[in-house]
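Spelled out, the chains give:
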Amino acid sequence: MPHSWIEKCMNMFGVAVNVRSFTSESMKQWNTELNAGQNRLGNVKTKQGMFQRDSLSPLQFVMTMILLTLMLRKTNIVYEVKKKGEIINHLLFMDDLKLFTKNEDQMDSLVNAVRIFSEDIKMEFGLSKCGVLIMKRGKIVESDCLCMPDDTMMRNIEESGYKYPGILEADGIKHDEMKELLTKEYIRRVRNVLKLKLNGGNIISAINSRAVSIVRYGAGIIKWTKNELEELDRKTRKLMTMYGAHHPKADVDRLYLKRCDGGRGLIGGEDCVQAEYGRSKEDIQKKHQEEYESKALHGQFQKVIGKVKGSKSWEWLKKGYLKKETENETVTHIVSECQKQTQKEYKQVRHDNVTEVTGSFTDKTLERYRPDITVIEKKTKECLLIDPACPFDTRIEKEEEKCNNYSDLKYEIARMWRMKDVEVIPVVMGALGTAV
């Protein structure tokens, strides 16, 4: 397509002068630099065509093709899609053109009109991608290849169908074949994303933009069943578990909650399709939130902080800085139950800052023999065994447990040190600050 045609169309459609001037001056400078290894071969000036992958080029291309649509509409050739239904003779989506006629002679006429238009604007349609499909009484019939005006032959479409635009069709949309193709491509993209060395937030964002978009594209066209979408989500979680991005015992609904609500922000295949069919995102999120909070184990944290949580509560999740292996753990696990952090982050940083550890020793083997603080009042013969604990906030009712744990040590100290009174004082504070 020559640049002069682009400028002509922009002028016909009344594009702003500054935009036209910018485009004209830009096209004069379009060139490609050729290199062989480290040797520069020179520049090749772009005299026709347009750049891609920007926001302006698609609009310019559509403007250049509108006249083709107007020209085809003015022909007397029409095709009735349904009885007493809409009458058309073509569909045009960007550079994908589909022609409809009642017979082969009309098809020859429309193809010739397209040829004249393409020759006038110096644009070539890729005939190697073109095909012809003839149907009689709703069934595909075999026929000779269509002869083009330049004596080239347009192939017949095979049983596997053709794509328009991106959707596999023949005498109708091939739903089963499309679902198989989309599922394979979706799984491939999810697997490739999970192999990347990204943090948890970027992993989820990459899956949403790179893989879920495959399902979203045909959501309103391809007929997915509920079971198929649930199976697709299960495969996603299985892959995430294999690559350490999702714990096998982690809550499923939390995975699909927004990060600002304490979830991880993954868009599920079922949620994606439901949203395209008109279900509001608020309803989808509300469903996951209710199911998450209703669970006896996983919903504990949400219940505890429900009255005090604010916009800052999930700032750490929204930033997405944690590794994918860490982010899939619950807050409960991270702050109070992780075995790998027991002797370092928990003990040295939190527990030992509460008190300096001292010990008590007896002449008997006891299961509990080392309280964190031992206070002895020699004059009154009294002894205090003080033992702090920092469990998660939903399990701070541990006073009775602490007293029972040190009952044997209590009587043994009274016997050995001849104490009149030995008292066990538990000091329990939640990992997030809740005190008894």
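See above for the structure.
Residues numbered from 1 in each chain as written. Predicted model: local features only at pLDDT ≥ 70, side-chain atom pairs only at ≥ 80, totals over all residues. Heavy atoms only, no water.

Peer 1: Teacher, can you tell me more about the overall build of the protein here?
Peer 2: On a plain count of helices and strands, the protein comes out with 17 helices and 15 strands. Put simply, the protein has 436 residues, and 36% of those count as buried. Pairs at least 24 apart in sequence give 59% of the contacts found in the protein among residues at least 6 apart. (Helix = DSSP H or I, 4+ residues; strand = E, 2+ residues; numbered from the N terminus. Buried < 20%, exposed > 50% of the residue type's maximum accessible area, 1.4 Å probe, protein only. Contact = heavy atoms within 4.5 Å.)

Peer 1: For this particular structure, what's the right way to read the environment of T64?
Peer 2: Mapped onto the elements of the fold, T64 is located in helix 3 (residues 56–73). For T64, a relative accessible area of 0% gives the class buried. In sequence terms T64 and K8 are 56 residues apart; their C-alpha atoms lie 8.8 Å from each other. Setting aside residues no more than four positions away along its own chain, T64 makes contact with M1, W5, I6, C9 and F117. Here the side chain of T64 touches F61 through a polar contact of 2.5 Å, landing on its backbone oxygen. (Polar contact = N/O pair within 3.5 Å; in protein donor to acceptor, adjacent residues only side chain to side chain.)

Peer 1: Explain the packing of helix 1 (residues 3–12) against helix 3 to me, please; I cannot follow it from the model alone.
Peer 2: In a packed pair of helices, the relevant descriptors are the angle between the two axes and the axis-to-axis distance. Their axes nearest at 9 Å, the elements helix 1 and helix 3 cross at an angle of 80 degrees. Relative to helix 3, the element helix 1 lies roughly perpendicular. Residues W5, I6, C9, M10 and M12 of helix 1 form the contact with helix 3, whose participating residues are Q60, M63, T64 and L67. Here the contact of helix 1 with helix 3 is built from residues that sort into seven nonpolar, two polar and no charged. (Axes fitted to C-alpha atoms, helices over the stretch in contact; angles between N-to-C directions. Parallel < 35°, antiparallel > 145°, perpendicular 65-115°, else oblique. Nonpolar A, V, L, I, M, F, W, Y, C, P; charged D, E, K, R; others polar.)

Peer 1: How should I be thinking about the packing of helix 3 against helix 4 (residues 104–120) in this particular structure?
Peer 2: At a closest axis distance of 11 Å, the pairing of helix 3 and helix 4 adopts a crossing angle of 145 degrees. Considering the relative orientation of helix 3 and helix 4, their crossing is right-handed. Seen from helix 3, the contacting residues are T64, M65, L67, L68, M71 and L72; seen from helix 4, they are L110, A113, V114 and F117. For the contact of helix 3 with helix 4, the residue count by class is nine nonpolar, one polar and no charged. (Left-handed = near helix turned anticlockwise from the far one by under 90°.)

Peer 1: Would you take a moment to explain unusual backbone geometry for this structure?
Peer 2: Backbone geometry follows two general trends: most residues other than glycine have a negative phi, and most peptide bonds adopt the trans configuration. Positioned with a positive phi, K381 is a non-glycine residue whose angle comes to about 60 degrees. Looking at the element boundaries, K381 is found in the loop between strand 13 (373–377) and strand 14 (382–389). Residue K381 is classed as partly exposed on the basis of its relative accessible area of 33%. Even without being glycine, R418 reaches a positive phi, approximately 55 degrees. With respect to the helices and strands, R418 occurs in the loop between helix 17 (407–416) and strand 15 (421–428). A relative accessible area of 69% places R418 in the exposed class.

Peer 1: Any chance you could explain the pairing of strand 1 (residues 31–36) here in plain terms?
Peer 2: In the case of a regular strand, side chains alternate between the two sheet surfaces. As defined by bridge partners, strand 1 adjoins strand 2 (residues 39–45) across six bridges and the pair is classed as antiparallel. Opposite N31, over in strand 2, you have K45 as the bridge partner. The antiparallel pairing of strand 1 with strand 2 creates a hairpin that spans two residues between the two strands, and G37 there sits at a positive phi of about 70 degrees. (Pairing = 2+ DSSP bridges.)

Peer 1: What is the right way to read the pattern of salt bridges from this model?
Peer 2: Side chains that differ in charge, positive against negative, can pair when their charged atoms come close. Tallied over the full model, the rule gives 15 salt bridges. Measuring nitrogen to oxygen at the nearest pair gives 3.6 Å for the salt bridge that ties R40 to E33. Classification of E33 by relative accessible area gives partly exposed; the value is 44%. Here E185 ties to R189 by a salt bridge, and the two come within 2.7 Å at their closest N and O atoms. Taken together, the residues E185 and R189, both in helix 5 (residues 175–194) and four residues apart, mark about one turn of the helix. Because the salt bridges share partners, they merge into one network encompassing D176, K179 and E228. (Salt bridge = Lys/Arg side-chain N within 4 Å of Asp/Glu carboxyl O.)

Peer 1: Looking at this model, I keep getting lost on a nonpolar patch on the surface. Mind explaining?
Peer 2: Together, M12, F13, V62, I66, L70, F93, M94 and Y217 make up a nonpolar patch on the protein surface, roughly 700 Å² of accessible area in all. The element best represented in the nonpolar patch is helix 3, accounting for three residues. Structurally, F93 is set in strand 5 (residues 90–93). (Patch = residues over 30% accessible without salt bridge, like charges linked within 9 Å, V, L, I, M, F, W, Y side chains within 5 Å. Areas by Shrake-Rupley, 256 points an atom, 1.4 Å probe, with all protein chains shown as cover.)

By themselves, these observations are geometric and do not establish any function.
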